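Here is how the chains run, residue by residue.
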Amino acid sequence: MQFSGEELTFRRLFNYVFGLYMITLGVAFSIKSGLGSAPVSSIPYAMDLIWLINIGVATFIFHAILVLIEWILLRERFAKKHFLQVFVGVLFGVFTSFSVSLMSFVPPADSLLLAFLMSLLSIFFIALGLFFYVPTNLIPLSVEGVTQAIAIVSNKPFSKIKVYLDTCIVLTALMLSYGFLGQLGSVGIGTILGALFIGTAVKYIHKLNLRITGNHVDLKKM
């Protein structure tokens with residue numbers, strides 16, 4: 001069976017689902033740290049805090065909006081399969097809710113050192129998830145879909161655009177939180193660290209993989 005011009009293998013599907021779940025695990029660690037949510041979840045988490053929308057539902061709404069932006073950017077180059085990103089947003093929302101619930105079994109970050117460790121784990125898991133699932137060329141999350149779209153339109157590296165986009169998402173979450181709550185809300189030092197270093201972490205994971213396996217992974221494949 002073919003999908004996006006490639007054979008739909010078990011390994012390809014596994015990498016896709018595994019990568020998605022790793023990202024949500026990173027999101028859960030970021031929230032558990034108490035230093036702010038991960039960039040990818042900062043706007044949905046702000047929506048949760050402001051309007052008391054379940055984070056899984058807020059995640060779905062956020063991803064649907066991003067699909068529309070991606071469609072506007074790519075126009076005729078927007079593949080029909082990418083409309084399915086809306087439904088992948090549902091899966092991601094479910095994974096996010098499950099991972100956040102799973103963190104209830106993890107002791108709270110009762111020291112600054114432990115909080116920073118959780119933030120670093122968040123960055124690592126999100127970067128690892130991106131490295132696994134994006135190259136499968138199945139159906140990207142809308143956040144990565146928009147990142148890919150901007151990278152293609154601007155002819156810039158995926159990792160660099162990832163930093164720029166995450167920064168814009170964090171600034172938007174900050175404006176929402178401060179505008180409606182009068183406080184930072186979903187944004188903290190951990191959110192800023194994620195925005196600055198997740199893209200960089202993806203780049204170094206890619207370099208490490210290239211050195212070990214000799215295989216170049218295309219992170220702009222759509």
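Criteria and thresholds
Residues numbered from 1 in each chain as written. Predicted model: local features only at pLDDT ≥ 70, side-chain atom pairs only at ≥ 80, totals over all residues. Heavy atoms only, no water. 1 Å grid on protein atoms, 1.4 Å probe; cavity = no way out; pocket = protein on both sides within 12 Å on 5 of 7 lines; lining within 4 Å. Points joined across faces, edges and corners; volume = space filled by probe spheres on them. Helix = DSSP H or I, 4+ residues; strand = E, 2+ residues; numbered from the N terminus. Nonpolar A, V, L, I, M, F, W, Y, C, P; charged D, E, K, R; others polar. Salt bridge = Lys/Arg side-chain N within 4 Å of Asp/Glu carboxyl O. Buried < 20%, exposed > 50% of the residue type's maximum accessible area, 1.4 Å probe, protein only.

Give me empty space enclosed by the protein: which residues, what numbers.
Overall, the coordinates contain two cavities of 30 Å³ or more when judged by the stated rule. Looking at the second largest cavity, its volume works out to about 40 Å³. Around the second largest cavity, the lining residues are Ser30, Ser33, Gly36, Ala38, Pro39, Ser119, Ser122, Ile123, Gly190, Thr191, Gly194 and Ile198. Among the elements of the structure, helix H1 (10–33), helix H5 (112–133) and helix H8 (189–213) are those that each provide at least two residues to the lining of the second largest cavity. A per-element tally of the lining of the second largest cavity places H8 first, with four residues. Grouping the constituent residues of the lining of the second largest cavity by class yields four nonpolar, eight polar and no charged.

With reference to specific residues and values, describe the pattern of salt bridges.
Side-chain pairs of opposite charge can arise where the charged atoms are in close proximity. The final tally for this structure, using the stated rule, is two salt bridges. Note that glutamate 144 is salt-bridged to lysine 162, the shortest N-O span being 2.9 Å. In this pair, glutamate 144 sits in helix H6 (residues 142–154) while lysine 162 sits in helix H7 (residues 158–181), placing the two residues 18 residues apart along the sequence. The class of glutamate 144 is buried, set by a relative accessible area of 1%. Look at lysine 162 and you get buried, because its relative accessible area is 2%. Between aspartate 166 and lysine 162 there is a salt bridge, with its nearest N and O atoms 3.3 Å apart. Taken together, the positions of aspartate 166 and lysine 162, both in helix H7 and four residues apart, correspond to about one turn of that helix. The pair formed by aspartate 166 and lysine 162 is uniform in burial state, with each residue classed as buried. Members of the salt-bridge network, linked through shared partners, are Glu144, Lys162 and Asp166.

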